[in-house]
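Chain by chain, the residues:
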Amino acid sequence: MSEITYRLPQEIRLTGEFPGPKSRELTERRARVVPAGVASSTPVYAADADGGVVVDVDGNSLVDLGSGIAVTSVGASAPAVVDGVREAASHFTHTCFMVTPYEGYVAVAEQLNELTPGDHPKRTVLFNSGAEAVENAVKIARAATSRNAVVVFDHAYHGRTNLTMALTAKAAPYKAGFGPFAPEIYRVPMSYPYREAAPIGGKEAAERAIQQIEKQIGAENVAAVLIEPIQGEGGFIVPADGFLPRLSEWTRDNGVVFIADEVQAGFCRTGKWFAVDHEGVVPDLVTTAKGIAGGMPLSAVTGRAELFDAVKPGGLGGTYGGNPVSCAAALGAIQTMRDWDLGARAQAIEAQVRSVLEPLVEELDIVGEFRGRGAMLALELVSDSASKTPHPTAAKEIASYCMDRGVIVLTAGTYGNVIRLLPPLVIGEELLGRALEILADAIRAAA
Ligand SMILES: *Cc1c(COP(=O)(O)O)cnc(C)c1O
């Protein structure tokens with residue numbers, strides 16, 4: 001294991017008025033040409049990024065606790081990723097794998113087949129985005145089972161395309177006004193320990209979902225159960241122990257394809273290669289994207305070879321799927337995760353964040369719960385701990401307090417009341433400590 005190296009100083013540096021003049025000018029230019037429908041969390045424009053920092057066009061250096069939504073786990077300019085991209089691009093940027101194939105695609109498939117849970121024969125197909133991977137996992141499950149229904153969960157997020165909007169739970173801003181939606185999608189209750197009306201274990205919560213599936217859909221009609229092992233946009237909801245294993249067992253007994261959407265939680269983010277590894281669950285299909293390629297667009301569906309066999313040649317693909325430059329980036333990112341043991345780093349990040357933020361649950365009435373795994377950690381904010389009424393304005397205030405002091409913090413949650421932390425796994429202990437002090441101050445100020 002080698003030492004993590006950085007190109008940029010790992011520091012918070014604010015150069016004066018914030019946002020600075022160059023960012024403000026870009027905001028004006030942008031307003032004339034980019035629609036408001038694409039919103040940004042920060043008011044500054046990036047010029048450089050490395051390790052745990054993003055440097056903006058005015059020279060401000062900000063701590064990154066978001067990784068561009070769990071993407072730059074290895075950092076935004078990891079040496080092995082940059083070298084891989086440079087080398088690949090200097091030869092060819094594209095041939096289309098469906099026209100003239102190349103080794104990088106095959107090598108990424110080999111890595112994914114090896115890293116994903118289970119030692120059964122596997123296949124991997126590559127795409128560009130998380131939504132595209134999820135759509136294709138559903139296609140494969142339907143082809144393999146000759147069934148239509150897809151079961152998804154409360155608070156789920158699977159993307160913004162037509163099918164994945166239907167799979168996603170939250171109406172505003174993801175779905176409202178964008179219908180009609182794809183049919184044959186059925187939503188069942190999630191295990192959300194903090195918000196259960198009465199305490200209920202994981203196995204019982206799974207039975208509750210299963211009963212609803214059997215009564216309202218019929219097991220024989222279900223092609224797939226699709227679930228995020230730890231929900232991302234929904235608020236970093238970790239289901240109670242036993243929930244995922246029982247669901248997985250039920251799918252096996254009923255000829256249903258179990259799809260784990262690991263787009264956000266996968267690739268060392270939770271301290272293991274995949275979030276399902278924490279519960280020993282072996283999915284039939286796994287979707288990956290975000291952290292897979294150090295920031296380059298790439299996604300994948302990996303799973304049981306016999307499920308893929310149901311799809312005829314030509315049934316899967318896409319012009320850019322498994323782009324050679326993205327494949328080189330993925331190989332560099334995976335190598336970096338191994339060399340720098342980023343799974344262990346995610347666990348160390350959890351310990352450090354927990355020691356600062358978990359005591360706030362006792363100290364402050366607005367902090368309802370601290371939860372998550374590895375470097376995927378969250379605080380759920382409430383108006384008071386007795387009523388548990390969601391407090392989205394506190395989440396917004398905290399994020400903006402942090403931003404003004406040079407720390408990028410993202411919010412999430414069905415109720416918009418969750419502060420979520422997704423630092424690059426390469427962030428240094430000292431820089432993270434400084435950011436956590438600011439975050440704790442922000443939470444106390446909001447309380
Ligand atoms: C982000 C996300 C997606 C969609 O990925 P895109 O690359 O934005 O299309 C799907 N599933 C999960 C769990 C995600 O977090």
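On a predicted model such as this, the values are computed, not experimentally measured, just so you know.

Rules used throughout
Along each chain, residue indices are assigned from 1 in the same order as the chain's sequence is written. Local features in this predicted model are restricted to residues of pLDDT 70 or higher, and side-chain atom pairs are both shown and tallied only at a pLDDT of 80 or more, whereas totals for entire chains, interfaces and linings draw on every residue. Only hydrogens and water are removed before side-chain values are computed, so all heavy atoms of the structure are retained for them. Strands here mean DSSP runs of E at least two residues long; helices mean DSSP runs of H or I at least four residues long; both are numbered from the N terminus. In this treatment the radius of gyration is a C-alpha quantity, and the globule benchmark scales as 2.2 Å times the residue count to the 0.38 power. Here the term buried applies to any residue with accessible area under 20% of the maximum for its type, exposed to any over 50%, and partly exposed to those in between, with areas from a 1.4 Å probe on protein chains only. Two strands qualify as a pair provided DSSP detects at least 2 bridges between them. To estimate the expected span of a helix, count its residues, drop one, and scale the result by 1.5 Å. Any two residues whose heavy atoms approach within 4.5 Å at even a single point are treated as in contact. Note on method: axes are straight lines fitted to C-alpha atoms, helices fitted across the in-contact stretch only, with angles between N-to-C directions ranging 0 to 180 degrees. The domain limits used here are those given by an automatic or database domain assignment. Buried area counts how much accessible surface, traced with a 1.4 Å probe, disappears from two parts once they are put together, with both parts' losses summed. Counted as salt bridges are all cases of a side-chain nitrogen of Lys or Arg within 4 Å of a carboxyl oxygen of Asp or Glu. A 3.5 Å cut-off defines polar contacts: any pair of N or O atoms within that distance qualifies, except that in protein one atom must be a possible hydrogen donor and the other a possible acceptor, and neighbouring residues in sequence count only when both atoms are side-chain atoms. Under this grouping Gly is polar, as are all residues other than the nonpolar Ala, Val, Leu, Ile, Met, Phe, Trp, Tyr, Cys and Pro and the charged Asp, Glu, Lys and Arg.

*Asks:* Looking at this model, I keep getting lost on the overall build of the chain. Mind explaining?
*Replies:* For the chain, the count of helices and strands is 14 helices and 15 strands. Its C-alpha atoms give the chain a radius of gyration of 21 Å, within 12% of the compact-globule value 22 Å for 447 residues. Viewed in the frame of its principal axes, the chain has a C-alpha envelope of about 60 × 60 × 50 Å. Taking all 447 residues of the chain together, 54% fall into the buried category.

*Asks:* It is not clear to me how the pairing of strand S12 (residues 376-381) should be interpreted in this structure. Could you clarify?
*Replies:* Regular strands have side chains that alternate between both faces of the sheet. The element S12 is largely enclosed, with a buried count of six among its six residues. Residues of S12 alternate between two faces, with Met376, Ala378 and Glu380 on one and Leu377, Leu379 and Leu381 on the opposite face, all of them buried. Pairing geometry for strand S11 (residues 367-373) and S12, over six bridges, is antiparallel. Directly across from Phe370, in S12, lies its bridge partner Leu379. Bridge count for S12 against strand S15 (residues 418-421) is four bridges, and the pairing is antiparallel. Bridging across to S15, Ala378 finds its partner in Arg420.

*Asks:* Explain helix H11 (residues 342-357) here, please?
*Replies:* Because the α-helix completes a turn every 3.6 residues, residues three or four places apart line up on one side. Across its 16 residues, H11 extends 22 Å between first and last C-alpha, which sits within 8% of the 22 Å expected from 1.5 Å per residue. On its buried side, H11 packs onto helix H10 (324-339), helix H12 (359-363), S11, S12, S15 and helix H14 (429-446).

*Asks:* I'm lost on the pairing of strand S4 (residues 122-127) in this one. Help?
*Replies:* Taken across its six residues, S4 has five buried, putting it largely inside the fold. Inspection of the sheet shows S4 paired to strand S10 (residues 299-304) by six bridges, in the antiparallel sense. Following the sheet pairing, Lys122 is matched in S10 by Arg304.

*Asks:* I tried to follow unusual backbone geometry on my own but got confused; where do I start?
*Replies:* Across the chain, the bulk of peptide bonds are trans and the bulk of non-glycine residues have phi less than zero. Residue Pro19 is reached from Phe18 by a cis peptide bond, and omega for that bond is -5 degrees. Inspection of the secondary structure puts Pro19 in the segment before helix H1 (21-33). The step from Gly179 to Pro180 runs through a cis peptide bond, and the omega angle for that step is 0 degrees. Mapped onto the elements, Pro180 comes out in the loop between helix H6 (162-167) and strand S6 (185-188). If you check the backbone angles, Ile69 has positive phi at about 65 degrees while not being a glycine. Mapped onto the secondary structure, Ile69 falls in helix H2 (residues 67-70).

*Asks:* Teacher, can you tell me more about the sheet that holds strand S9 (residues 285-288) here?
*Replies:* In sheet architecture, strand pairing relies on hydrogen bonds along the backbone and comes in two forms, parallel and antiparallel. The seven strands lie next to each other as S4-S10-S9-S8-S7-S5-S6, forming an open sheet whose pairing is mixed. The open sheet has two free edges, formed respectively by S4 and S6, since each of these has just one partner strand. Strand after strand, the sheet turns through a mean of 20 degrees between neighbouring axes, direction not considered. When strand S5 (residues 149-153) meets strand S7 (residues 222-227), the two strands line up parallel, connected through three bridges. Bridge pairing in S7 places Val150 opposite Ala224. Strands in contact with helix H4 (residues 103-115) are S4, S9 and S10; relative to S4, the strand with the most contacts, it is inclined by about 130 degrees.

*Asks:* Teacher, can you tell me more about the domain arrangement of the chain here?
*Replies:* Accessible area lost when the parts come together is the quantity often used to give the size of an interface. Assigned domains within the chain: domain 1 (21-77 + 341-446) and domain 2 (81-340). If you average the C-alpha positions of domain 1 and of domain 2, the two centres end up 25 Å apart. Between domain 1 and domain 2, roughly 3200 Å² of surface is buried when both sides are summed, and carbon and sulfur atoms account for 57% of that area. Looking only at domain 1, the three residues that lose the most surface to domain 2 are Val74, Arg373 and Met376, adding up to 25% of its buried area. Counting across the interface, domain 1 meets domain 2 through three salt bridges. We note a salt bridge from Arg420 to Glu233, for which the minimum N-O separation is 2.9 Å. The interface formed by domain 1 and domain 2 includes 21 residue pairs in polar contact (both at pLDDT 80 or more). If you list the elements that add at least two residues to the side of domain 1 that touches domain 2, you get H2, H11, S11, S12 and S15. A per-class count over the side of domain 1 that touches domain 2 returns 21 nonpolar, 14 polar and eight charged.

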